[in-house]
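Each chain is listed here by its residues.
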Amino acid sequence: MSSPRRERLRRSLIRIGAMAAKEAIHVRRDPRTLTLALAMPLVMLVLFGYGVSTDVDHLRLAVADQDDSPASRALVRAFQGSGEFQVVTHRPPGEAERLFRAGDAVAALVVPRGYADDLLQGRRTTVQVLVDGADAMIATQLLAKADGVVRAESRRLAGAELRRLDPPIQARLWTSYNPAGRSALYMVPGISAFLLAITAVMLTALAIAGEWERGSMEQLFASPVGRLEIVLGKLLPYLVLGMLELQLVVAFGAVAFDLPMQGSLPLLFLVGLLFLVGMLGQGLLISVLAKNQLVATQASTLSAMLPSIILSGMIFPIENMPLPLQALSRLIPARYLVHSLRGILLKGNGLAVLWPDLLAMAAFAAVILALATARFQRRVA
(Lines give C-alpha, C1' and ligand atoms only; values in the text may rest on other atoms or scores of the structure.)
Protein backbone atom coordinates (compact mmCIF):
# COMPACT_ATOMS: atom_id res chain seq x y z
CA MET A 1 0.00 0.00 0.00
CA SER A 2 1.41 3.38 -1.00
CA SER A 3 2.16 6.08 1.56
CA PRO A 4 -0.77 8.40 0.57
CA ARG A 5 -3.24 5.50 0.89
CA ARG A 6 -1.84 4.57 4.28
CA GLU A 7 -2.21 8.15 5.40
CA ARG A 8 -5.82 8.34 4.20
CA LEU A 9 -6.61 5.07 5.94
CA ARG A 10 -4.98 6.32 9.16
CA ARG A 11 -6.98 9.54 9.10
CA SER A 12 -10.18 7.62 8.33
CA LEU A 13 -9.61 5.31 11.29
CA ILE A 14 -8.97 8.34 13.52
CA ARG A 15 -12.27 9.89 12.42
CA ILE A 16 -14.14 6.61 12.98
CA GLY A 17 -12.57 6.36 16.43
CA ALA A 18 -13.59 9.93 17.24
CA MET A 19 -17.17 9.23 16.13
CA ALA A 20 -17.25 6.05 18.19
CA ALA A 21 -15.88 7.89 21.25
CA LYS A 22 -18.52 10.61 20.82
CA GLU A 23 -21.30 8.00 20.61
CA ALA A 24 -19.88 6.13 23.60
CA ILE A 25 -20.11 9.32 25.67
CA HIS A 26 -23.79 9.68 24.64
CA VAL A 27 -24.43 6.08 25.67
CA ARG A 28 -22.67 6.52 29.01
CA ARG A 29 -24.69 9.64 29.79
CA ASP A 30 -28.01 8.04 28.81
CA PRO A 31 -29.17 5.51 31.44
CA ARG A 32 -32.13 4.55 29.23
CA THR A 33 -29.78 3.16 26.60
CA LEU A 34 -27.85 1.09 29.13
CA THR A 35 -31.10 -0.17 30.63
CA LEU A 36 -32.41 -1.12 27.18
CA ALA A 37 -29.16 -2.90 26.30
CA LEU A 38 -28.33 -4.69 29.56
CA ALA A 39 -31.19 -4.82 32.05
CA MET A 40 -34.19 -5.32 29.78
CA PRO A 41 -32.83 -8.47 28.05
CA LEU A 42 -32.29 -10.20 31.39
CA VAL A 43 -35.81 -9.32 32.57
CA MET A 44 -37.29 -10.53 29.28
CA LEU A 45 -35.20 -13.71 29.41
CA VAL A 46 -36.65 -14.52 32.84
CA LEU A 47 -40.21 -13.83 31.65
CA PHE A 48 -39.83 -15.81 28.42
CA GLY A 49 -37.72 -18.59 29.92
CA TYR A 50 -40.14 -19.35 32.72
CA GLY A 51 -43.37 -18.14 31.12
CA VAL A 52 -43.05 -19.54 27.60
CA SER A 53 -42.81 -23.24 28.36
CA THR A 54 -44.14 -26.29 26.55
CA ASP A 55 -43.61 -28.52 29.58
CA VAL A 56 -46.97 -29.78 30.83
CA ASP A 57 -47.33 -30.97 34.43
CA HIS A 58 -49.65 -30.63 37.44
CA LEU A 59 -52.60 -31.37 35.17
CA ARG A 60 -55.90 -31.02 37.01
CA LEU A 61 -57.56 -34.44 37.04
CA ALA A 62 -61.10 -35.27 38.12
CA VAL A 63 -61.74 -38.85 39.22
CA ALA A 64 -64.94 -40.86 38.88
CA ASP A 65 -64.15 -44.10 40.73
CA GLN A 66 -67.29 -46.19 40.28
CA ASP A 67 -65.60 -49.37 41.53
CA ASP A 68 -64.16 -47.94 44.78
CA SER A 69 -61.90 -50.94 45.29
CA PRO A 70 -58.26 -51.25 46.41
CA ALA A 71 -57.27 -51.88 42.76
CA SER A 72 -59.07 -48.76 41.51
CA ARG A 73 -57.61 -46.64 44.28
CA ALA A 74 -54.15 -47.97 43.35
CA LEU A 75 -54.73 -46.77 39.79
CA VAL A 76 -55.67 -43.29 41.05
CA ARG A 77 -52.55 -43.25 43.23
CA ALA A 78 -50.49 -44.18 40.15
CA PHE A 79 -51.80 -41.07 38.38
CA GLN A 80 -51.03 -38.92 41.42
CA GLY A 81 -47.63 -40.50 41.99
CA SER A 82 -46.45 -39.72 38.47
CA GLY A 83 -46.05 -36.06 39.47
CA GLU A 84 -47.82 -34.91 36.31
CA PHE A 85 -51.43 -35.19 37.46
CA GLN A 86 -53.11 -33.49 40.37
CA VAL A 87 -56.43 -34.96 41.55
CA VAL A 88 -58.66 -31.99 42.24
CA THR A 89 -62.06 -33.59 42.75
CA HIS A 90 -64.02 -36.83 42.83
CA ARG A 91 -67.21 -36.52 40.81
CA PRO A 92 -69.66 -38.71 38.86
CA PRO A 93 -68.73 -39.34 35.19
CA GLY A 94 -71.50 -37.15 33.82
CA GLU A 95 -70.03 -33.99 35.36
CA ALA A 96 -66.80 -34.09 33.34
CA GLU A 97 -68.08 -31.71 30.67
CA ARG A 98 -69.24 -29.20 33.29
CA LEU A 99 -65.82 -29.33 34.96
CA PHE A 100 -64.11 -28.76 31.61
CA ARG A 101 -66.38 -25.83 30.81
CA ALA A 102 -65.71 -24.20 34.18
CA GLY A 103 -61.96 -24.79 33.90
CA ASP A 104 -61.86 -26.84 37.11
CA ALA A 105 -60.20 -29.82 35.38
CA VAL A 106 -58.53 -30.64 32.07
CA ALA A 107 -59.00 -34.41 32.30
CA ALA A 108 -61.25 -36.95 33.97
CA LEU A 109 -60.42 -40.55 34.88
CA VAL A 110 -63.44 -42.89 34.88
CA VAL A 111 -62.95 -46.30 36.50
CA PRO A 112 -65.96 -48.57 35.73
CA ARG A 113 -67.72 -50.89 38.15
CA GLY A 114 -66.25 -54.39 38.18
CA TYR A 115 -62.69 -53.10 37.49
CA ALA A 116 -61.16 -55.13 40.34
CA ASP A 117 -63.16 -58.27 39.50
CA ASP A 118 -62.03 -58.15 35.89
CA LEU A 119 -58.40 -57.88 37.01
CA LEU A 120 -58.73 -60.79 39.44
CA GLN A 121 -60.30 -63.05 36.80
CA GLY A 122 -57.73 -62.09 34.14
CA ARG A 123 -60.25 -60.38 31.87
CA ARG A 124 -59.36 -57.32 29.81
CA THR A 125 -60.74 -54.17 31.42
CA THR A 126 -61.04 -50.61 30.18
CA VAL A 127 -60.78 -47.26 31.95
CA GLN A 128 -61.77 -43.97 30.36
CA VAL A 129 -59.65 -40.81 30.23
CA LEU A 130 -61.73 -37.83 29.13
CA VAL A 131 -59.71 -34.85 27.94
CA ASP A 132 -60.52 -31.17 27.40
CA GLY A 133 -59.36 -30.68 23.81
CA ALA A 134 -59.67 -26.87 23.70
CA ASP A 135 -55.87 -26.64 23.93
CA ALA A 136 -54.59 -29.18 21.41
CA MET A 137 -50.99 -29.12 22.70
CA ILE A 138 -52.01 -29.86 26.30
CA ALA A 139 -54.51 -32.49 25.15
CA THR A 140 -51.88 -34.33 23.08
CA GLN A 141 -49.34 -34.40 25.89
CA LEU A 142 -52.00 -35.33 28.43
CA LEU A 143 -53.09 -38.37 26.42
CA ALA A 144 -49.48 -39.52 26.09
CA LYS A 145 -48.85 -39.10 29.82
CA ALA A 146 -52.09 -40.90 30.75
CA ASP A 147 -51.24 -43.76 28.40
CA GLY A 148 -47.82 -44.04 30.04
CA VAL A 149 -49.33 -44.20 33.54
CA VAL A 150 -51.82 -46.89 32.51
CA ARG A 151 -49.11 -48.95 30.79
CA ALA A 152 -46.88 -48.71 33.86
CA GLU A 153 -49.75 -49.85 36.12
CA SER A 154 -50.47 -52.74 33.73
CA ARG A 155 -46.86 -53.89 33.92
CA ARG A 156 -46.94 -53.66 37.71
CA LEU A 157 -50.10 -55.78 37.90
CA ALA A 158 -48.76 -58.34 35.42
CA GLY A 159 -45.58 -58.73 37.49
CA ALA A 160 -43.65 -61.94 36.84
CA GLU A 161 -45.95 -63.10 34.06
CA LEU A 162 -45.04 -60.07 32.00
CA ARG A 163 -41.34 -60.59 32.64
CA ARG A 164 -41.58 -64.12 31.26
CA LEU A 165 -42.80 -62.81 27.93
CA ASP A 166 -40.16 -62.50 25.25
CA PRO A 167 -41.45 -60.07 22.58
CA PRO A 168 -39.82 -60.44 19.14
CA ILE A 169 -39.02 -56.71 18.88
CA GLN A 170 -37.89 -54.41 21.65
CA ALA A 171 -37.27 -50.69 21.29
CA ARG A 172 -34.84 -48.93 23.57
CA LEU A 173 -35.30 -45.18 23.28
CA TRP A 174 -32.81 -42.46 24.14
CA THR A 175 -33.14 -38.73 23.52
CA SER A 176 -29.86 -37.02 22.67
CA TYR A 177 -28.87 -33.48 23.73
CA ASN A 178 -31.98 -32.95 25.89
CA PRO A 179 -32.85 -36.29 27.56
CA ALA A 180 -35.25 -34.73 30.07
CA GLY A 181 -37.17 -32.96 27.30
CA ARG A 182 -36.94 -29.59 29.08
CA SER A 183 -38.44 -26.84 26.95
CA ALA A 184 -36.10 -24.24 28.48
CA LEU A 185 -33.09 -25.80 26.73
CA TYR A 186 -34.95 -25.49 23.43
CA MET A 187 -36.42 -22.05 24.07
CA VAL A 188 -33.54 -20.09 25.63
CA PRO A 189 -31.32 -20.05 22.49
CA GLY A 190 -34.29 -18.83 20.46
CA ILE A 191 -35.18 -16.23 23.09
CA SER A 192 -31.55 -15.05 23.11
CA ALA A 193 -31.68 -14.47 19.36
CA PHE A 194 -34.95 -12.57 19.71
CA LEU A 195 -33.58 -10.35 22.49
CA LEU A 196 -30.37 -9.57 20.61
CA ALA A 197 -32.35 -8.71 17.48
CA ILE A 198 -34.88 -6.39 19.09
CA THR A 199 -32.41 -4.53 21.32
CA ALA A 200 -29.72 -4.14 18.64
CA VAL A 201 -32.15 -2.76 16.07
CA MET A 202 -33.81 -0.42 18.55
CA LEU A 203 -30.52 0.91 19.91
CA THR A 204 -29.18 2.02 16.56
CA ALA A 205 -32.58 2.99 15.15
CA LEU A 206 -32.68 5.70 17.79
CA ALA A 207 -29.07 6.81 17.27
CA ILE A 208 -29.12 8.72 13.97
CA ALA A 209 -32.84 9.55 14.33
CA GLY A 210 -31.93 11.27 17.59
CA GLU A 211 -29.21 13.24 15.81
CA TRP A 212 -31.78 14.49 13.31
CA GLU A 213 -34.22 15.50 16.04
CA ARG A 214 -31.58 17.27 18.16
CA GLY A 215 -30.28 19.15 15.13
CA SER A 216 -26.73 17.89 15.66
CA MET A 217 -26.61 16.17 12.27
CA GLU A 218 -25.78 19.51 10.61
CA GLN A 219 -22.62 19.70 12.74
CA LEU A 220 -21.57 16.27 11.49
CA PHE A 221 -22.14 17.40 7.90
CA ALA A 222 -19.88 20.39 8.49
CA SER A 223 -17.07 18.07 9.64
CA PRO A 224 -14.73 16.13 7.32
CA VAL A 225 -16.24 12.82 8.48
CA GLY A 226 -17.54 10.72 5.57
CA ARG A 227 -20.80 8.79 5.36
CA LEU A 228 -19.23 5.36 5.95
CA GLU A 229 -17.17 6.76 8.81
CA ILE A 230 -20.32 8.12 10.48
CA VAL A 231 -22.10 4.79 10.04
CA LEU A 232 -19.18 2.76 11.41
CA GLY A 233 -18.57 5.21 14.25
CA LYS A 234 -22.22 5.00 15.27
CA LEU A 235 -22.17 1.22 15.08
CA LEU A 236 -19.04 0.37 17.10
CA PRO A 237 -20.17 1.39 20.63
CA TYR A 238 -23.46 -0.46 20.21
CA LEU A 239 -21.58 -3.49 18.89
CA VAL A 240 -19.58 -3.56 22.12
CA LEU A 241 -22.83 -3.25 24.10
CA GLY A 242 -24.39 -6.03 22.05
CA MET A 243 -21.48 -8.40 22.66
CA LEU A 244 -21.69 -7.65 26.38
CA GLU A 245 -25.42 -8.37 26.21
CA LEU A 246 -24.73 -11.70 24.48
CA GLN A 247 -22.35 -12.71 27.26
CA LEU A 248 -24.87 -11.73 29.94
CA VAL A 249 -27.72 -13.62 28.27
CA VAL A 250 -25.69 -16.81 27.79
CA ALA A 251 -24.26 -16.65 31.33
CA PHE A 252 -27.69 -16.00 32.83
CA GLY A 253 -29.17 -18.86 30.79
CA ALA A 254 -26.47 -21.19 32.10
CA VAL A 255 -27.11 -20.20 35.73
CA ALA A 256 -30.91 -19.89 35.72
CA PHE A 257 -31.85 -22.64 33.24
CA ASP A 258 -28.81 -24.97 33.36
CA LEU A 259 -28.12 -24.21 29.70
CA PRO A 260 -25.11 -26.32 28.66
CA MET A 261 -22.11 -25.11 26.69
CA GLN A 262 -21.08 -28.05 24.51
CA GLY A 263 -19.34 -26.16 21.71
CA SER A 264 -16.69 -23.52 21.17
CA LEU A 265 -17.03 -20.22 23.02
CA PRO A 266 -15.01 -18.25 20.39
CA LEU A 267 -17.30 -19.64 17.68
CA LEU A 268 -20.31 -18.53 19.72
CA PHE A 269 -18.92 -14.99 19.91
CA LEU A 270 -18.14 -14.99 16.18
CA VAL A 271 -21.71 -16.01 15.38
CA GLY A 272 -23.05 -13.34 17.73
CA LEU A 273 -20.72 -10.71 16.25
CA LEU A 274 -21.89 -11.30 12.68
CA PHE A 275 -25.53 -11.29 13.75
CA LEU A 276 -25.15 -8.08 15.75
CA VAL A 277 -23.42 -6.26 12.88
CA GLY A 278 -26.37 -7.11 10.64
CA MET A 279 -29.00 -6.10 13.21
CA LEU A 280 -27.19 -2.88 14.10
CA GLY A 281 -26.93 -2.08 10.40
CA GLN A 282 -30.66 -2.69 10.03
CA GLY A 283 -31.32 -0.25 12.86
CA LEU A 284 -29.07 2.35 11.23
CA LEU A 285 -30.88 1.94 7.92
CA ILE A 286 -34.23 2.47 9.67
CA SER A 287 -32.96 5.59 11.45
CA VAL A 288 -31.55 7.00 8.20
CA LEU A 289 -34.90 6.53 6.45
CA ALA A 290 -37.15 7.58 9.35
CA LYS A 291 -35.31 10.62 10.81
CA ASN A 292 -37.81 10.46 13.70
CA GLN A 293 -37.39 8.46 16.90
CA LEU A 294 -41.07 7.53 17.21
CA VAL A 295 -41.26 6.21 13.64
CA ALA A 296 -37.86 4.54 14.04
CA THR A 297 -39.03 2.76 17.20
CA GLN A 298 -42.18 1.45 15.55
CA ALA A 299 -40.35 0.37 12.40
CA SER A 300 -37.59 -1.39 14.36
CA THR A 301 -40.12 -3.22 16.53
CA LEU A 302 -42.08 -4.49 13.52
CA SER A 303 -39.05 -5.41 11.43
CA ALA A 304 -37.13 -7.17 14.22
CA MET A 305 -39.66 -8.55 16.68
CA LEU A 306 -42.23 -10.28 14.47
CA PRO A 307 -39.78 -12.00 12.06
CA SER A 308 -37.57 -13.09 14.97
CA ILE A 309 -40.51 -14.76 16.70
CA ILE A 310 -42.45 -16.19 13.77
CA LEU A 311 -39.90 -16.95 11.05
CA SER A 312 -36.75 -17.87 12.98
CA GLY A 313 -37.75 -21.31 14.24
CA MET A 314 -37.70 -19.99 17.79
CA ILE A 315 -41.15 -21.44 18.55
CA PHE A 316 -42.63 -22.71 15.29
CA PRO A 317 -40.67 -25.29 13.24
CA ILE A 318 -39.71 -23.82 9.86
CA GLU A 319 -40.22 -27.20 8.18
CA ASN A 320 -43.95 -27.05 9.01
CA MET A 321 -44.45 -23.65 7.36
CA PRO A 322 -45.80 -23.15 3.83
CA LEU A 323 -43.09 -23.01 1.17
CA PRO A 324 -43.39 -19.22 0.61
CA LEU A 325 -42.80 -18.58 4.32
CA GLN A 326 -39.90 -21.02 4.35
CA ALA A 327 -38.33 -19.06 1.50
CA LEU A 328 -38.99 -15.76 3.29
CA SER A 329 -37.37 -17.07 6.47
CA ARG A 330 -34.07 -17.40 4.60
CA LEU A 331 -33.89 -13.58 4.61
CA ILE A 332 -34.22 -13.42 8.42
CA PRO A 333 -30.83 -13.45 10.23
CA ALA A 334 -32.46 -14.66 13.45
CA ARG A 335 -33.14 -17.99 11.74
CA TYR A 336 -29.42 -18.62 11.34
CA LEU A 337 -28.55 -17.41 14.84
CA VAL A 338 -31.17 -19.69 16.45
CA HIS A 339 -29.83 -22.68 14.51
CA SER A 340 -26.23 -21.78 15.38
CA LEU A 341 -26.89 -21.22 19.09
CA ARG A 342 -28.75 -24.51 19.46
CA GLY A 343 -25.97 -26.28 17.57
CA ILE A 344 -23.15 -24.74 19.63
CA LEU A 345 -24.79 -24.83 23.06
CA LEU A 346 -26.65 -28.15 22.90
CA LYS A 347 -24.86 -30.25 20.27
CA GLY A 348 -21.31 -28.93 20.25
CA ASN A 349 -21.38 -28.20 16.50
CA GLY A 350 -18.32 -26.60 14.98
CA LEU A 351 -17.46 -24.48 11.97
CA ALA A 352 -17.73 -27.46 9.61
CA VAL A 353 -21.46 -27.63 10.34
CA LEU A 354 -22.29 -23.97 10.94
CA TRP A 355 -20.40 -22.26 8.11
CA PRO A 356 -23.59 -21.78 5.99
CA ASP A 357 -25.16 -19.87 8.90
CA LEU A 358 -22.08 -17.66 9.27
CA LEU A 359 -21.97 -17.01 5.53
CA ALA A 360 -25.66 -16.02 5.45
CA MET A 361 -25.29 -13.63 8.40
CA ALA A 362 -22.12 -12.09 6.95
CA ALA A 363 -23.87 -11.52 3.60
CA PHE A 364 -26.84 -9.88 5.34
CA ALA A 365 -24.52 -7.62 7.36
CA ALA A 366 -22.59 -6.52 4.25
CA VAL A 367 -25.74 -5.78 2.27
CA ILE A 368 -27.51 -3.90 5.07
CA LEU A 369 -24.44 -1.76 5.86
CA ALA A 370 -24.04 -0.92 2.18
CA LEU A 371 -27.70 0.13 1.99
CA ALA A 372 -27.44 2.22 5.16
CA THR A 373 -24.35 4.00 3.83
CA ALA A 374 -25.90 4.56 0.39
CA ARG A 375 -29.11 6.00 1.85
CA PHE A 376 -27.25 8.30 4.23
CA GLN A 377 -27.05 11.58 2.32
CA ARG A 378 -24.99 14.55 3.48
CA ARG A 379 -27.80 17.08 3.21
CA VAL A 380 -30.29 18.47 5.69
CA ALA A 381 -33.42 18.17 3.53
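Residues numbered from 1 in each chain as written. Predicted model: local features only at pLDDT ≥ 70, side-chain atom pairs only at ≥ 80, totals over all residues. Heavy atoms only, no water.

Observations regarding unusual backbone geometry
One non-glycine residue, Asp68, lies in the positive phi region at around 50 degrees. We classify Asp68 as exposed; its relative accessible area is 53%. Although it is not a glycine, Asp258 adopts a positive phi angle of roughly 55 degrees. (Buried < 20%, exposed > 50% of the residue type's maximum accessible area, 1.4 Å probe, protein only.)

Things to note about the pattern of salt bridges
Summed over the entire model, instances satisfying the criterion amount to 2 salt bridges. The residue Asp68 makes a salt bridge to Arg73 at a minimum N-O spacing of 2.9 Å. By relative accessible area, which is 35% here, Arg73 ends up partly exposed. As a salt-bridge pair, Asp147 and Arg151 come within 2.8 Å of each other at their nearest N and O atoms. (Salt bridge = Lys/Arg side-chain N within 4 Å of Asp/Glu carboxyl O.)

Considerations on helix H12 (residues 293-310)
Look at H12: 25 Å from first C-alpha to last across 18 residues, which is about the 26 Å you get at 1.5 Å a residue. Ala296, Ser300, Ala304, Pro307 and Ser308 are the residues of H12 that are buried. Those residues of H12 that are buried lie in contact with helix H8 (183-214), helix H11 (265-290) and helix H14 (333-347). (Helix = DSSP H or I, 4+ residues; strand = E, 2+ residues; numbered from the N terminus. Expected span 1.5 Å × (residues − 1). Contact = heavy atoms within 4.5 Å.)

A word on the pairing of strand E2 (residues 85-90)
The pairing of strand E1 (residues 59-65) with E2 spans 5 bridges and is classified as parallel. Note that in E2 the partner of Val63 across the bridge is His90. Crossover handedness for the path E1 to helix H3 (residues 70-81) to E2: right-handed. (Pairing = 2+ DSSP bridges. Right-handed = clockwise from strand over helix to strand, strands pointing away.)

With respect to helix H15 (residues 351-375)
Here H15 spans 34 Å end to end across 25 residues, near enough to the 36 Å set by a 1.5 Å rise per residue. Buried residues of H15: Leu354, Asp357, Leu358, Met361, Ala365, Ile368, Leu369, Ala372 and Thr373, and no others. For H15, the secondary structure elements touched by its buried residues are helix H10 (227-257), H11 and H14.

Some thoughts on the packing of aromatic side chains
Applying the stated criterion to the full structure yields 1 aromatic pair. Aromatic pair Phe79 and Phe85: ring centres 5.2 Å apart, planes at 70 degrees, arrangement edge-to-face. As far as burial versus exposure is concerned, Phe79 and Phe85 are alike and both buried. (Phe/Tyr/Trp six-rings, centres within 6.5 Å; stacked < 30°, edge-to-face > 60°.)

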